[in-house]
Amino acid sequence: MADGDVRSPEPWLPGRVLVVVATYNEEATIAALVAGVLAAADDLHLLVVDDDSPDGTPQLALAAAAAEPRVHVLVRRGRRGLGGALAEGLALAKHRGFVVAVTMDADASHDPDDIPRLLAALEPVGGRPADVVIGSRRVPGGRTVGWPLSRHVMSRLVCWFSRWVLGVPVRDASSGFRAIRLAILDRIDPPQARGYAFLEDFLWRVHRAGGRIVEVPITFHDRTRGASKADFAEKRRSLGELLMLARLTWLGR
Ligand SMILES: Nc1nc2c(ncn2[C@@H]2O[C@H](COP(=O)(O)OP(=O)(O)OP(=O)(O)O)[C@@H](O)[C@H]2O)c(=O)[nH]1
Ligand SMILES: [Mg+2]
């Protein structure tokens, strides 16, 4: 948190699972996202981390927080980036005493009704607990609906790079839909990436710290409202961040 940031009012009700959603210019979908998360399970709490979107997203999120004590908002001022927003959201979740965070996108690509399945995979009955559960498009039963070929190719390249160059043994390292046991934050160095590559950077650190990562299938729907933030500048930033991780992996510096 920094000077100038805007926060929804206290208090925070105690809870176990906080859904953390980073937003930038998502006014078309934020209300449905809030409603969907609150309806997915009675005990879910929600934190929207917005980067001072000019389109009215922060006002809508703050109005939702005023109406519902399970909803919280952090409006970051003077900072931009999916990774930085998620990092602050996870740190805040831990600080507020939550045990698990679920991260997801705000553009209706991720279905809040999948959250209970991700949480169940974190603590499988009779099985080994996991540190991170990925809602994955690339395990049997998972799929992506509505993408053009170019997006499939780009996404496959990033996932291939993460698996075979960075050595992270998962199939969908760039999925932003995850359940995370927050105690894992104490076992990893903070991810360096502040853009989209935060997603791969985080898993890379969890894996190297001996954390257990599992994947459960999800159906991902391409956004139909609002605009993508993964523009050319973001893609270039992410490429640089991925190459930094490759250097760390292979050269150790
Ligand atoms: N706080 C914050 N959130 C961001 C930023 N960039 C993207 N997001 C959010 O991160 C999530 C994923 O971003 P998207 O633009 O959907 O990226 P994508 O899914 O790769 O691409 P499209 O779905 O095609 O738009 C969405 O909820 C965005 O609003 C940012 O700079 N700051
Ligand atoms: Mg999206």
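Note that the coordinates shown come from a computational prediction; the quantities given were computed from them, not determined experimentally.

Draft legend 1. Structural detail: the overall build of the protein chain. Along the protein chain, the regular secondary structure elements total 7 helices and 10 strands. Against the globule reference of 18 Å for 253 residues, the protein chain gives a C-alpha radius of gyration of 17 Å, in line with a compact fold. When the backbone C-alpha atoms are referred to their principal axes, the protein chain occupies close to 50 × 45 × 35 Å. When burial is assessed residue by residue, the protein chain has 52% of its 253 residues classed as buried. A sequence separation of at least 24 residues applies to 79% of the contacts in the protein chain between residues at least 6 apart. Summed over all atoms, the accessible surface of the protein chain reaches about 11,800 Å², with 57% contributed by carbon and sulfur.

Draft legend 2. Expanded view of the packing of helix H3 (residues 82-95) against helix H6 (residues 198-208). The contact between H3 and H6 brings their axes to 9 Å, and the two run at 50°. Classed by the angle they form, the pair H3 and H6 counts as oblique. Residues Leu82, Gly83, Leu86, Ala87 and Leu90 of H3 touch H6, and the partners they reach there are Phe198, Leu199 and Phe202.

Draft legend 3. Inspection of the site of ligand 1 at higher detail. Surrounding ligand 1, one finds 18 residues, the nearest of these being Glu26, Asp51, Arg80, Arg151 and Arg223. A distance of 3.0 Å separates an oxygen atom of ligand 1 from a polar backbone atom of Tyr24. A distance of 2.6 Å separates an oxygen atom of ligand 1 from a polar side-chain atom of Glu26. For ligand 1, whose accessible area on its own is 620 Å², the fraction buried by protein is 95%. Among the elements of the structure, strand S2 (17-23) and H3 are those that each provide at least two residues to the shell around ligand 1.

Draft legend 4. Here's a closer look at the packing of aromatic side chains. Applying the stated rule across the entire model yields 3 aromatic pairs. When the centroid spacing of 5.9 Å and the interplanar angle of 25° are considered together, the rings of Phe198 and Phe202 count as stacked. A residue pair is termed a helical-turn pair when its members lie 3 or 4 positions apart in one helix, as Phe198 and Phe202 do in helix H6 at 4 residues. Lying across the ring of Tyr24, Arg80 places its NZ or CZ 3.6 Å from the centre.

Draft legend 5. Molecular detail of the environment of Ile115. Structurally, the position occupied by Ile115 is in helix H4 (residues 115-122). The buried category is assigned to Ile115, whose relative accessible area is 0%. Residues Ile115 and His221, 106 residues apart in the sequence, show an inter-C-alpha distance of 15 Å.

Draft legend 6. Just the sheet that holds strand S6 (residues 132-136), in detail. Strand order in this open sheet of 8 strands is S1-S4-S3-S2-S5-S8-S6-S9, and the pairing throughout is mixed. Either end of the sheet is taken by a strand with one partner, and the two such strands are strand S1 (6-7) and strand S9 (213-217). One ladder, built from 5 bridges, connects S2 with strand S5 (residues 100-104); its direction is parallel. Along S5, the bridge assignment pairs Val20 with Thr103. Contacts from helix H1 (residues 30-40) reach S2, strand S3 (44-50), strand S4 (71-75) and S5 within the one sheet, and its direction differs from that of S3 by about 155°.

Draft legend 7. Spatial organisation of unusual backbone geometry. Of note, the amide linkage connecting Glu10 to Pro11 takes the cis form, showing an omega dihedral of -5°. Structurally, Pro11 is set in the loop between S1 and S2. Despite not being glycine, Asn25 has its phi angle at roughly 55°, a positive value. One can find Asn25 in the loop between S2 and H1. The class for Asn25 is partly exposed, based on a relative accessible area of 24%. Unusually for a residue other than glycine, Asp52 sits at a positive phi of about 60°. Structurally, the position occupied by Asp52 is in the loop between S3 and helix H2 (57-67).

Draft legend 8. Representation of the environment of Val133. Secondary-structure assignment places Val133 in strand S6. For the pair Val133 and Val102, spaced 31 residues apart in the sequence, the C-alpha separation amounts to 9.2 Å. Beyond its immediate stretch of four places on either side in the chain, Val133 contacts Leu118, Ala121, Leu122, Phe177, Arg178, Ala179, Val214 and Val216.

Criteria and thresholds
Residues numbered from 1 in each chain as written. Chains lettered and ligands numbered in written order. Predicted model: local features only at pLDDT ≥ 70, side-chain atom pairs only at ≥ 80, totals over all residues. Heavy atoms only, no water. Helix = DSSP H or I, 4+ residues; strand = E, 2+ residues; numbered from the N terminus. Rg over C-alpha atoms; globule rule 2.2 N^0.38 Å. Buried < 20%, exposed > 50% of the residue type's maximum accessible area, 1.4 Å probe, protein only. Contact = heavy atoms within 4.5 Å. Areas by Shrake-Rupley, 256 points an atom, 1.4 Å probe, with all protein chains shown as cover. Axes fitted to C-alpha atoms, helices over the stretch in contact; angles between N-to-C directions. Parallel < 35°, antiparallel > 145°, perpendicular 65-115°, else oblique. Near = heavy atom within 4 Å. Polar contact = N/O pair within 3.5 Å; in protein donor to acceptor, adjacent residues only side chain to side chain. Phe/Tyr/Trp six-rings, centres within 6.5 Å; stacked < 30°, edge-to-face > 60°. Lys NZ or Arg CZ within 6 Å of the ring centre and 35° of its normal. Pairing = 2+ DSSP bridges.

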